[in-house]
Amino acid sequence: MKTTSFWKEFTKGIVISNPLFVLVLGLCPALAVSTSVDNALGMSIGVTFVLLGSNIIISAIRKIIPNMVRIPIFIVIIATFVTIVNLVFHAYVPSLYESLGIYLPLIVVNCIILGRAEAFASKNPLLHSIADALGISIGFMLALLIISFLRETLGTGSLSIFGARLFTLPILGEHPMAIFVLPPGAFLLMGLLLALLRRLGVIKSE
Amino acid sequence: MNNLITIFLSMALINNFILAKFLGLCPFFGVSKKLSNALSMGVAVTLVMFIATVATWLINHYILIPFDVQYMSIVIYILVIASLVQIVEMAIKRTNLTLYNALGIYLPLITTNCAVLGITLINATEAYSLLESVVCSLGGGIGFTLVLIIMSGIRERLELADSPMSMKGLPVALLTAMLLGLTFFGFGGMI
Amino acid sequence: MKTTLKKIFPVIFVTVIVFMAVALLSWTNSITKDKIEFQEEQQIQSMLGEMFPDMSRYAFEDDIYTIYSDEAQLGYAFLALGKGYGGSINILVGLENETTIKGISIISQSETPGLGARIGGSSFVGEFTGLSIDDVALKQDGGQIDAITGATISSGAVVDAVKATAVERVKSLQEKE
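All values reported here derive from a predicted model rather than from experimental measurement. (Residues numbered from 1 in each chain as written. Chains lettered and ligands numbered in written order. Predicted model: local features only at pLDDT ≥ 70, side-chain atom pairs only at ≥ 80, totals over all residues.)

Enquirer: Any chance you could explain the overall build of chain C here in plain terms?
Expert: What chain C contains, in helices and strands, is three helices and five strands. Taken over C-alpha atoms, the radius of gyration comes to 23 Å for chain C, far larger than the 16 Å a tight globule of 177 residues would show. Along the first, second and third principal axes, the C-alpha atoms of chain C reach 80 × 45 × 30 Å. Considering chain C as a whole, with its 177 residues, one finds that 32% of them fall into the buried category. In chain C, once contacts between residues fewer than 6 apart in sequence are set aside, the share between residues at least 24 apart is 46%. (Helix = DSSP H or I, 4+ residues; strand = E, 2+ residues; numbered from the N terminus. Rg over C-alpha atoms; globule rule 2.2 N^0.38 Å. Buried ≥ 20, exposed ≤ 12 C-beta atoms within 10 Å, placed from the backbone. Contact = placed C-beta atoms within 7 Å.)

As structure tokens, then:
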């Protein structure tokens, strides 16, 4: 009984309520840092850590949080985890820290995290909150990887992960469609992906 | 003076918050369905951005830097913004009820608007002076409002258009944003 | 008694949470601080090494890096900060002597991709190599540097920052002698 519901909370975040494609939350970091797969991975790791940490803490103290001040407390907890991610990235992966720029601290106001704290972790037991955090994070990561993979390959004609060049496309490699790594390309790709997923019936139309 | 104009134009048009930096997308797609709402939201965001910029600049330069605790900046900034939004909300409610009715529902949303935290972080990383920070925040806010208004004008008509089922709503709004972004790219050559 | 406790409990709770957050953060900061400084130092060192291939060591004093190969002095380097379209542009400037530029490199920038961002390209950066500090100005202003088409502001920001900082640093070098 317990494992099935754990599994249910875990899987729902990946497809049924995928944060990016279905709930359309956290669009701002998703579009801004999806210029390369590296950045997307870095961002997802940051979001996973913060979401997991804040969900665990908030779920653990959910019974003693005074209702009146719950939102400021959520914000303090989330901001603390975001600062830890910032310091650790700055110290150990400086190049990633540089290229994520202000979008790393902006995880604080990512609607996904405050949304899960308010809607899930503050009402559900610890184990379920962990499952929820992991599911949502993996859903976010998958969505971000799809977008960044398309943007990097179309926009630069090649794909490299952490400095290692994986492949270069024949014609695109010489004449990349640079618009895809530019901001308008992010809107284009996200719009087309959403429409495609709706057409295929993966997610519901409005 | 030249420097200030560059900062203003850069923030308002070339590095537009919505189209180039992707800041404040939630209200952008959420509120941009009606022209009047878009204007109110834009004004509210600009106002909070301006106040937050002044407040965080003072905190940064008189508390965080002297005591060498800049690593606390994220926590402090977000708390300052959250309390500022509360204060602004109360102040508007007391002084001008019509304005409160127009802006009221948007104010609480602004706390989690990335544009506001974004502007304070940009000012901190760029090490702008107080005047430069203020110009930067006004440029950002006005650019945000401008795009929000343009977008809502387009979307009001788009609602009536016969777009394919799977494109309705958000996808077509995203494509519109792409076209707007491309248009604003033209400002990049403006010097 | 019970009602007052109920009233002040939220305040105590928030204080405790904030206190714990501050403690956790200052602990994390104390761990990562040295590492961050070390990383930044390493980045500068590798960039200086590229600019002065014969460098064996360098000294840092009063915002100026002095570059040595064993005992011989190779030149100086310093950081300059330009204000471009997209924000600040961090530049490392190398000097061969007190009048000539050894080379520059862009450490970080956030200019428009495809336009201003080309200031990082070797064709623009290369223009500075071997130039006298007096000649560091855009051609339209009577200098030697070709501005990048469509990115006059970004080009100008780099030029202005390099020139202004170079003049300042050379002055402080001469004062010391």
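So much for the structure itself; the text now carries on.
Enquirer: It is not clear to me how the interface of chain A and chain C should be interpreted in this structure. Could you clarify?
Expert: Note: interface size is frequently given as the accessible area lost on complex formation between the parts. Taken together, the contact pairs 19 residues of chain A with 18 residues of chain C. Secondary structure elements with two or more residues in the side of chain A that touches chain C: helix H4 (70-92) and helix H5 (94-100) of chain A. Here the side of chain A that touches chain C gets 11 residues from one element, more than from any other, and that element is H4 of chain A. Tallied by class, the residues present in the side of chain A that touches chain C amount to 15 nonpolar, three polar and one charged. (Nonpolar A, V, L, I, M, F, W, Y, C, P; charged D, E, K, R; others polar.)

Enquirer: Explanation requested: the sheet that holds strand E5 (residues 101-108) of chain C in the structure shown.
Expert: Each strand in a sheet pairs with another by means of backbone hydrogen bonds, the pair being arranged parallel or else antiparallel. All names here are of chain C. The five strands lie next to each other as E1-E2-E3-E4-E5, forming an open sheet whose pairing is antiparallel. Since the sheet does not close on itself, it has two edges, and those belong to strand E1 (57-61) and E5, each with one partner. Taken pair by pair, the neighbouring strands of this sheet meet at an average axis angle of 25 degrees, ignoring direction. Bridge count between strand E2 (residues 64-69) and strand E3 (residues 72-83): five bridges; the pairing is antiparallel. Bridge assignment links Thr66 to a residue of E3, and that residue is Tyr76. Where helix H3 (residues 152-176) meets the sheet, its contacts fall on E2, E3, strand E4 (88-95) and E5, and the angle it forms with E3 comes to roughly 135 degrees. (Pairing = 2+ DSSP bridges. Axes fitted to C-alpha atoms, helices over the stretch in contact; angles between N-to-C directions.)

Enquirer: Would you take a moment to explain the domain arrangement of chain C for this structure?
Expert: When its domains are assigned, chain C resolves into domain 1 (1-51) and domain 2 (57-176). Computed from C-alpha atoms alone, the centre-to-centre distance between domain 1 of chain C and domain 2 of chain C is 35 Å. (Domains from an automatic or database assignment.)

Enquirer: Would you take a moment to explain the interface of chain A and chain B for this structure?
Expert: Opposite the 33 residues of chain A that make contact, chain B presents 35 residues. The set of elements that each furnish at least two residues to the side of chain A that touches chain B consists of helix H2 (27-32), H4, helix H6 (111-121) and helix H8 (183-199) of chain A.

Enquirer: Even after reading the chapter, I still don't get the nonpolar core, so can you show me in this structure?
Expert: When a protein is soluble and globular, its nonpolar side chains tend to lie buried together. In this structure, Ile78 and Val108 of chain A, Val116 and Leu117 of chain B together with Val93 and Val162 of chain C are the most contacted members of the largest nonpolar core, which totals 158 residues. A domain-level breakdown of this core finds at least three residues from each of domain 1 (1-51) and domain 2 (57-176) of chain C. When sequence neighbours within four positions are dropped, the list of residues in contact with Val108 of chain A reads Ile78, Ala79 and Val82 of chain A together with Ile74, Ile78 and Leu117 of chain B. (Core = buried A, V, L, I, M, F, W, Y, C linked by C-beta atoms within 7 Å.)

Enquirer: Explain helix H9 (residues 170-185) of chain B to me, please; I cannot follow it from the model alone.
Expert: Structural remark: α-helix, 3.6 residues per turn; residues separated by three or four positions point the same way. With 16 residues, H9 of chain B should cover 22 Å at 1.5 Å per step; its first-to-last C-alpha distance of 22 Å lies within 8% of that length. Among all positions of H9 of chain B, only Pro171, Val172, Ala173, Leu174, Leu175, Ala177, Met178, Gly181, Phe184 and Phe185 of chain B are buried. Contact partners of the buried residues in H9 of chain B: H8 of chain A together with helix H1 (2-14), helix H2 (25-31) and helix H8 (130-158) of chain B. (Expected span 1.5 Å × (residues − 1).)

Enquirer: What am I meant to see in the pairing of strand E2 (residues 164-168) of chain A here?
Expert: Moving residue by residue along a regular strand, the side chains alternate between the two faces of the sheet. All names here are of chain A. Little of E2 sits inside the fold, with zero of its five residues counted as buried. Pairing between strand E1 (residues 158-161) and E2: four bridges, direction antiparallel. Of the residues in E2, the one forming a bridge with Ile161 is Ala164. Between E1 and the antiparallel strand that follows it, E2, lie two residues; Phe162 among them carries a positive phi value of about 50 degrees.

Enquirer: Mind showing me how you'd approach unusual backbone geometry here?
Expert: With the exception of glycine, the majority of residues adopt a negative phi angle, and the majority of peptide bonds are in the trans configuration. Residues and elements named next belong to chain B. We note that Phe22 has phi near 60 degrees; this positive angle belongs to a residue other than glycine. Mapped onto the elements of the fold, Phe22 is located in the loop between H1 and H2. The class of Phe22 is buried, set by 28 C-beta atoms lying within 10 Å. Backbone geometry at Ala127 places phi at a positive 55 degrees, although glycine is not the residue there. Secondary-structure assignment places Ala127 in the loop between helix H7 (114-126) and H8.

Enquirer: Explain the environment of Gly118 of chain B to me, please; I cannot follow it from the model alone.
Expert: Along the chain, Gly118 of chain B turns up in helix H7. Note: C-alpha distance between Gly118 of chain B and Gly140 of chain B (22 residues apart in sequence) is 9.9 Å. Every residue in contact with Gly118 of chain B, bar those within four places of it in the chain, is listed here: Ile102 and Leu106 of chain A together with Lys21 and Leu23 of chain B.

Enquirer: How should I be thinking about the packing of helix H3 (residues 35-64) of chain B against helix H4 (residues 73-95) of chain B in this particular structure?
Expert: How two helices sit against one another is set out by the angle between their axes and by the gap between those axes. Residues and elements named next belong to chain B. Packing of H3 against H4 leaves a shortest axis separation of 10 Å and a crossing angle of 140 degrees. In terms of axis orientation, H3 runs oblique to H4. In the packing of H3 onto H4, the handedness of the crossing is right-handed. Along its contact with H3, which presents Leu47, Val48, Ile51, Ala52, Ala55, Thr56, Ile59, Asn60 and Leu64, the element H4 presents Ser73, Ile76, Tyr77, Val80, Ile81, Leu84, Val85 and Val88. Counted by class, the contact of H3 with H4 contains 14 nonpolar, three polar and no charged residues. (Parallel < 35°, antiparallel > 145°, perpendicular 65-115°, else oblique. Left-handed = near helix turned anticlockwise from the far one by under 90°.)

Enquirer: I'm lost on the pairing of E5 of chain C in this one. Help?
Expert: All names here are of chain C. As judged from the six bridges shared by E4 and E5, these two strands associate in the antiparallel manner. Bridge pairing links Gly94 to Gly103 in E5. Where E4 folds back on E5, the antiparallel hairpin that results is connected by five residues.

Enquirer: Would you mind showing me how to read the confidence of the model for chain A here?
Expert: Residues at a pLDDT of 70 or more form 97% of chain A, whose mean pLDDT is 86. At the level of individual helices and strands, chain A shows its lowest average pLDDT in helix H1 (residues 2-12) of chain A, which scores 75, and its highest in helix H3 (residues 37-60) of chain A, which scores 93. (pLDDT = per-residue confidence, 0-100.)

Enquirer: Sorry, what's going on with the confidence of the model for chain C here?
Expert: Any segment with low pLDDT has predicted coordinates that should not be analysed in fine detail. Averaged over every residue, the pLDDT of chain C is 83; the share at 70 or more is 95%. Of all helices and strands in chain C, the one with the weakest mean pLDDT is E1 of chain C (80), whereas E4 of chain C scores best (87).

Enquirer: Help me understand the packing of H6 of chain A against helix H7 (residues 126-156) of chain A in this model?
Expert: Residue and element names in this part refer to chain A. Contact geometry for H6 and H7: axes closest at 11 Å, N-to-C directions at 150 degrees. As far as their axial angle goes, H7 and H6 are roughly antiparallel. In this structure, the crossing between H6 and H7 has a hand that is right-handed. Contacts between H6 and H7 involve Ile112, Arg116, Phe120 and Ala121 from the first element and Ser129, Asp132, Ala133, Ile136 and Phe140 from the second.

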